[in-house]
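Here is how the chains run, residue by residue.
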Amino acid sequence: MSDTELLLKSEQPRRLEVFTGAGRRRSWTPEQKARIVAECDSDGGSVSAVARRHGLTPQQLFGWRRDVRRQAEETANGITFAPVMVECGAPISPAALEPRLIEVVIGMVTVRIPLGADSATLEAVLRAVKAAT
């Protein structure tokens, strides 16, 4: 039996995508990524099948899922980033450059932290203020 006869008897051809153009990487919006990751979790199907449907590699989809899990864990553990604002005003005297206390503003509440404050107490106070606002 020749090679061409074997090719004719093999399985049906699969869908073939041809990418034309500059060959750039595709970019996915966070909403698209979230929808595709949610599709993996809700269908109960395999990651490979979902990746194939969207033209991804399974490794890429596993990476997206890992990123979502990490972000959820960080949020659950209370590790988040907060915006920091620095006010510019009148020139500061050299004596004022010594750090004396730190001000943390959460909503309408300002917490002033002196140097050497106990971190456990500070964490408890900030959590309480955040929960109350």
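I will try to describe carefully the structure that is included in this document. (Residues numbered from 1 in each chain as written. Predicted model: local features only at pLDDT ≥ 70, side-chain atom pairs only at ≥ 80, totals over all residues. Heavy atoms only, no water.)

## Some thoughts on the packing of helix α3 (residues 47–54) against helix α4 (residues 58–76)
Each pair of packed helices can be described by the angle between their axes along with the distance between the axes.
So, point 1. Relative to each other, α3 and α4 sit at 110°, their axes nearing to 8 Å. One element, α3, and the other, α4, form an angle in the roughly perpendicular class. On the side of α3, the interface is formed by V47, S48, V50 and A51, while α4 contributes P58, L61, F62 and R65.
So, point 2. Taken together, the residues of the contact of α3 with α4 sort by class into 6 nonpolar, 1 polar and 1 charged. (Axes fitted to C-alpha atoms, helices over the stretch in contact; angles between N-to-C directions. Helix = DSSP H or I, 4+ residues; strand = E, 2+ residues; numbered from the N terminus. Parallel < 35°, antiparallel > 145°, perpendicular 65-115°, else oblique. Contact = heavy atoms within 4.5 Å. Nonpolar A, V, L, I, M, F, W, Y, C, P; charged D, E, K, R; others polar.)

## Some details on the environment of I102
So, point 1. With respect to the helices, strands and loops of the structure, I102 is situated in strand β1 (residues 101–106).
So, point 2. Relative accessible area serves as the criterion here: at 51%, I102 is assigned to the exposed category.
So, point 3. Placed 10 residues apart in sequence, I102 and R112 show a C-alpha to C-alpha distance of 5.6 Å.
So, point 4. If we skip the residues at most four places from it in the chain, I102 touches V111, R112 and I113. (Buried < 20%, exposed > 50% of the residue type's maximum accessible area, 1.4 Å probe, protein only.)

## Focus on the pairing of β1
In the case of a regular strand, side chains alternate between the two sheet surfaces.
So, point 1. Two strands pair when backbone bridges link them, and β1 and strand β2 (residues 109–114) are joined in this way by 6 bridges, in the antiparallel orientation. By the bridge assignment for β2, V104 is matched with V111.
So, point 2. The hairpin formed by β1 and β2 contains 2 residues between the paired strands, and G107 there has a positive phi angle of roughly 65°. (Pairing = 2+ DSSP bridges.)

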